[in-house]
Amino acid sequence: MEEEEEEARGLLADGPDEAGRDAPAVPGALPALCDPRRLAHRLLVLLLMCFLGFGSYFCYDNPAALQTQVKRDMQVNTTKFMLLYAWYSWPNVVLCFLGGFLIDRVFGIRWGTIIFSCFVCIGQVIFALGGIFNAFWLMEFGRFVFGIGGESLAVAQNTYAVSWFKGKELNLVFGLQLSMARIGSTVNMNLMGWLYSKVEASLGSAGHTTLGVTLMIGGITCILSLICALALAYLDQRAERILHKEQGKTGEVIKLTDVKDFSLPLWLIFIICVFYYVAVFPFIGLGKVFFIEKFGFSSQAASAINSVVYVISAPMSPIFGLMVDKTGKNIIWVLCAVVTTLASHMLLAFTLWNPWIAMSLLGLSYSLLACALWPMVAFVVPEHQLGTAYGFMQSIQNLGLAIISILAGMILDTRGYLFLEVFFIACVSLSLLAVVFLYLVNRARGGNLNYSARQREEMKLSHAE
Amino acid sequence: MCSCEEPRWGWGHCAPGPILLLSLLLAAPFGLLGEETRQVTLEVIPDSMGLPQNLLHIRAVGTNSTLHYVWSSLGPPAVLLVATNTPHSNLSVNWSRLLSPEPDGALMVLPKDSIQFSSALVFTRLFEFDSTNTSDVAAEPPGKPYPPYSLAEFSWNNISDSLDPATLSATFRGHPNQDPTRAFANGSLAFRVQAFSRSGRPAQPPRLLHTMDTCQLEVALVGASPRGNRSLFGLEVATLGQGPDCPSMQEQHSIDDEYAPAVFQLDQLLWGSLPSGFVQWRPVAFSQKQGGRESALPCQASPLHPTLAYPLPQSPIVRAFFGSHNNFCAFNLTFGASTGPGYWDQHYLSWSMLLGVGTPPVDAFSPLVLGIMAVALGAPGFMLLAGGLFLLLGPKRYSEYQPIN
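Residues numbered from 1 in each chain as written. Chains lettered and ligands numbered in written order. Predicted model: local features only at pLDDT ≥ 70, side-chain atom pairs only at ≥ 80, totals over all residues. Heavy atoms only, no water.

As recorded in an unreviewed UniProt entry, chain B goes by the name Glycosylated lysosomal membrane protein, listed as coming from Myotis lucifugus. In its Subunit (unreviewed entry) section, the UniProt record describing chain B reads: "Interacts (via lumenal domain) with lysosomal protein MFSD1; the interaction starts while both proteins are still in the endoplasmic reticulum and is required for stabilization of MFSD1 in lysosomes but has no direct effect on its targeting to lysosomes or transporter activity." (UniProt positions renumbered as here; feature names shortened; annotations may be inferred.)

Looking at an unreviewed UniProt entry, one finds chain A named Lysosomal dipeptide transporter MFSD1, with Myotis lucifugus as its source organism. Taken from UniProt, the Subunit (unreviewed entry) comment for chain A reads in full: "Homodimer. Interacts with lysosomal protein GLMP (via lumenal domain); the interaction starts while both proteins are still in the endoplasmic reticulum and is required for stabilization of MFSD1 in lysosomes but has no direct effect on its targeting to lysosomes or transporter activity."

Shown next as C-alpha cells:
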C-alpha cells in the first residue's frame, strides 16, 4: 500500500525549506485559527489531512472485518471473497505510475484530491449496492472503483502534507497521517462486525441487504473524507491567495525507460518488498476467520487480534523510523524484520500458542520493515529516478497483492489454513533469501546500503568536499 | 496416550516423527495392533434358508490377529467390533435364534478365549430440530425438536445389491416403515460402510486417515423432506459401556487442517485402555456431495450419558453377541447451525466416521508441507553459509572501502 512510501518520503525529506517565509503581511489581523501563517491554522489543516485518508483506510479492510458475513450472505467461497482485495489492487498496478502525473499535470492537487475522494466514495457506494442487490460482480466493480481512488488519494495526501509542512513539522505530520491510517483500519476491524449485528437487529434478519446497509453506513467515513477534501481545497486556495504560495506538486517524474537502468540491489529490494507484503496483507484479509476457526476466538476477539498489527504499527512506526535513522545498517534491520515475520508465521502455523504473541511480533516486524526498507531505495537510485523507482515498487507490490490474494483464497478453500500458512512462510522465505542475497551483493560490491549512520555522515561530508 | 491430549496452548501434537515412534512403541506389546498387512474380506452372510439378510461381515486377518466387524440392519443399524489374537478366529451365526425374539448367543466369535476386545455401536434415532428461532449455535437441543425417527422402524434395502468387493464397500439404504407425511418419498438415509486393504485417505473430505485396521462409515441423508424451513438433523448413537462407566470422549485440537480445511479438531470415542476400540471423526458434515468448504457444517457431539432413563431400541445382533444384560451409553450428534449452509440448501447431508481397533491413526504433515518447509528454511540458511564462506575466502577486491570504522 501507499503508506510505506509516505514513511520513506518522511524520512528522506530533511532539507529545510523556506516556503511562505517571505510572504507579504496580510492586511488586517486574522484570528489564529484562520491565519495560514499561524500554527493553529496549520493544525486545523493537519486535522483535515488526517481525516482525508481515514475513509479509504477504514473501508479498505471492510471485507476482512466482515469476512464471515460476506461469504455467507453473498454465498461465495474464499477464492471469490479474496477477489475483493485483488480488484482493489489491479488498477493500482498502473495508477502508481500515473497518480503523481495526474495530480501535477492534469487536475492539480486540489481537484485531484476531490476527484480521488469521489472515486473512493462512489466505489464504496457501488460496493454496498452490490450487497443490497445481491450482485457480487457489482461488489467487485465497486472495489475496483474504490481502488482507483484509494492509492492515488494517499499520494495526494502526501503532496498536501509536503506543501503545507515542508521545513516545519513534516516528519511529524507524516507520522501522524500514518497513525491515523492505522487507526482507521483498527476502528474498521473492531466496529464493522458490531455495526452488522446492530443493522441485523433493526432489519430483523441477516442477509445481503443487511450487509449492503452495513457497508453503506461504513461509507459515511468516505463522505467525511470527501468533505475534508473540499475543505482542504478551499483552505489551500485561500492560503495561496493570502500567502502567494504555489499549488503543491508531487514533483514525481516517472520515466519508464529508467527501468532498464535499475541496478541489481534495487531489483532485490523489489523482491523483498513484494514477497514480504504478500505475506502480510492477504493474511490480514483472511485473518479473522483463521483466529475463530483455529484458536476458537469469539468474533470480537478475532477482530481485535486481527487489528493488532495496525495497533502496534501506529505508535511504533515513528519510533522505529527514528531508530533506523540513528543507527543506519538498513539491511540488518530489514533482515531482523523479515526473520521475525518468518518466526511469527511459523508460530501461527505450527503452534496453538496464543496468537497475540505471533501477531504482536508481526506488528513489530511490519513496522520495522517499513521504516528500514523503503528508504533504502533512495540509496541505490539517483534522485531523478526516485519517482520511477517508487512507482515501480508500488506497482509490482500491487501486482503481487492482486495475484497472491486470489491464490491465497484458492489455497485456503482446497488445502486449509496450515497449507496457506506454509505458503506464506515460503513467500517470506523468498523475501529472506533476497535480503541475504542483497547483503552479500552489497558486501561484495562495497555498496552503501548497510552503512551505519556515522558512515553515512562521513560519506556525505567527503562528497561535499 | 500421547501428547495428543494436550490442551489448547501446547505445541500441536502433529509433529510426525515422535508420534510415529510413540505409536510404534505403544503398538509393539499388543499382537493385534499395528499389523503390517491384513487380508481384508467383505461378505454378506446369507441365512440358513439362503434368504438375503442384511448381515455384513468384514474380516481383517493379520499374521497374529483378526478383526471382525459385523454390520447389520436387523433392528436399528448396528456394528459389532471384535478383536482376536489369532489369525484363525471365525464368526458363527445361528440364524434361527438370531431371528427369534430372544437372540442371545446367536452370534459368536470362536475361539472365545481369543477375544481381546469387543464392543458395539448402535444408531438408534434420527433427530430433527426446528432452528428458526435459535441464535445460540451451541444450544442443547439446537432448536424445537420434532418427533424423532426411530431407525429400528426403518426398512432397509438388500445390501447384497450394493456390495462392491473391489472397493470393499456396501450401503444400507433405508426409509421409515410408516411414513404418513411422505417425508421419505423421494429420500433415504444411507449408511455406507467401507473397509480398506491398505492405508490411505479417501478423496472426499473430511479425508480421515484410514488403515487396514479400520472401517469407515458415511451416513448420508438425501432427498428427505424436512419438516421445517430450517431443519437441523441429528443422530443418536448408542454404545456398550465398560462396566458401570461410559467410554470416554476426547476432543483433540490439532494444527493440521490440510485434509479438512478449517477443521482443527478431531473427536474420538475411546472404549478404554489399549487394546481397545475407537471411533474417530472430524466435527464437520457437508451439505453438498462435493464436500467443499462452503458446504461444511459444524457437527456438535454431546457428552456420553448412560441410557438408564429411557429404553433404547434393541439391536438383535448386539443382544445376540453380548446377551441381554448390558448397560448402554449414548451420545447425540447434531449437524449444522441455524445460520450458514444447511440441509435445506440441497436436501443433502453427509457425515463420516472411522471405526477401528488399536491405536487411532494419527495425522502427520503431508510430504508437500514438509518439503516446502525444508526448502523455505534451508535455502536462506544455505545461502548465508555459502555467501559467508565466499566473502571470507573469496578475493577481496573492494577492501579499500572497508576500513572506515
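### Re the interface of chain B and chain A
In this complex, chain B contributes 36 residues to the contact, which on the side of chain A involves 41 residues. Between chain B and chain A the total buried area reaches about 3600 Å² when both faces are included, carbon and sulfur atoms providing 68% of it. Counting the contacts that link chain B with chain A gives three salt bridges. A:Glu293 serves as the salt-bridge partner of B:Arg293, at 3.8 Å between the closest nitrogen and oxygen. (Contact = heavy atoms within 4.5 Å. Buried area = accessible area lost by both parts, 1.4 Å probe. Salt bridge = Lys/Arg side-chain N within 4 Å of Asp/Glu carboxyl O.)

### Regarding the UniProt feature "domain: Major facilitator superfamily (MFS) profile" (unreviewed entry) in chain A
The positions that UniProt labels "domain: Major facilitator superfamily (MFS) profile" (unreviewed entry) are, in the present scheme, residues 42-445 of chain A. For residues 42-445 of chain A, the end-to-end C-alpha separation is 46 Å, with 86% helix and 0% strand making up the annotated structure. (Helix = DSSP H or I, 4+ residues; strand = E, 2+ residues; numbered from the N terminus.)

### Thoughts on the domain arrangement of chain A
Interfaces are often sized by the accessible area lost when the parts come together. Residue and element names in this part refer to chain A. Segmentation of chain A into domains returns domain 1 (1-252) and domain 2 (253-460). The distance between the C-alpha centroids of domain 1 and domain 2 comes to 23 Å. Facing the 39 residues of domain 1 at the interface are 49 residues of domain 2. When the two sides are added together, the surface that domain 1 and domain 2 hide from each other amounts to roughly 3900 Å², 63% of it contributed by carbon and sulfur. Our count for the contact surface shared by domain 1 and domain 2 stands at 12 residue pairs in polar contact (both at pLDDT 80 or more). Of the residues in the side of domain 1 that touches domain 2, the class split is 18 nonpolar, 12 polar and nine charged. (Domains from an automatic or database assignment. Polar contact = N/O pair within 3.5 Å; in protein donor to acceptor, adjacent residues only side chain to side chain. Nonpolar A, V, L, I, M, F, W, Y, C, P; charged D, E, K, R; others polar.)

### Here's the deal with the pattern of salt bridges
The full count for this structure, using the stated rule, is 15 salt bridges over all chains. Between A:Asp413 and B:Arg293 there is a salt bridge, with its nearest N and O atoms 4.0 Å apart. Of the two residues, A:Asp413 is situated in helix α17 (residues 386-445) and B:Arg293 in the loop between β18 (284-286) and β19 (296-301); the pairing between them involves two chains. Residues A:Asp413 and B:Arg293 agree in their burial class; the two are buried. (Buried < 20%, exposed > 50% of the residue type's maximum accessible area, 1.4 Å probe, protein only.)

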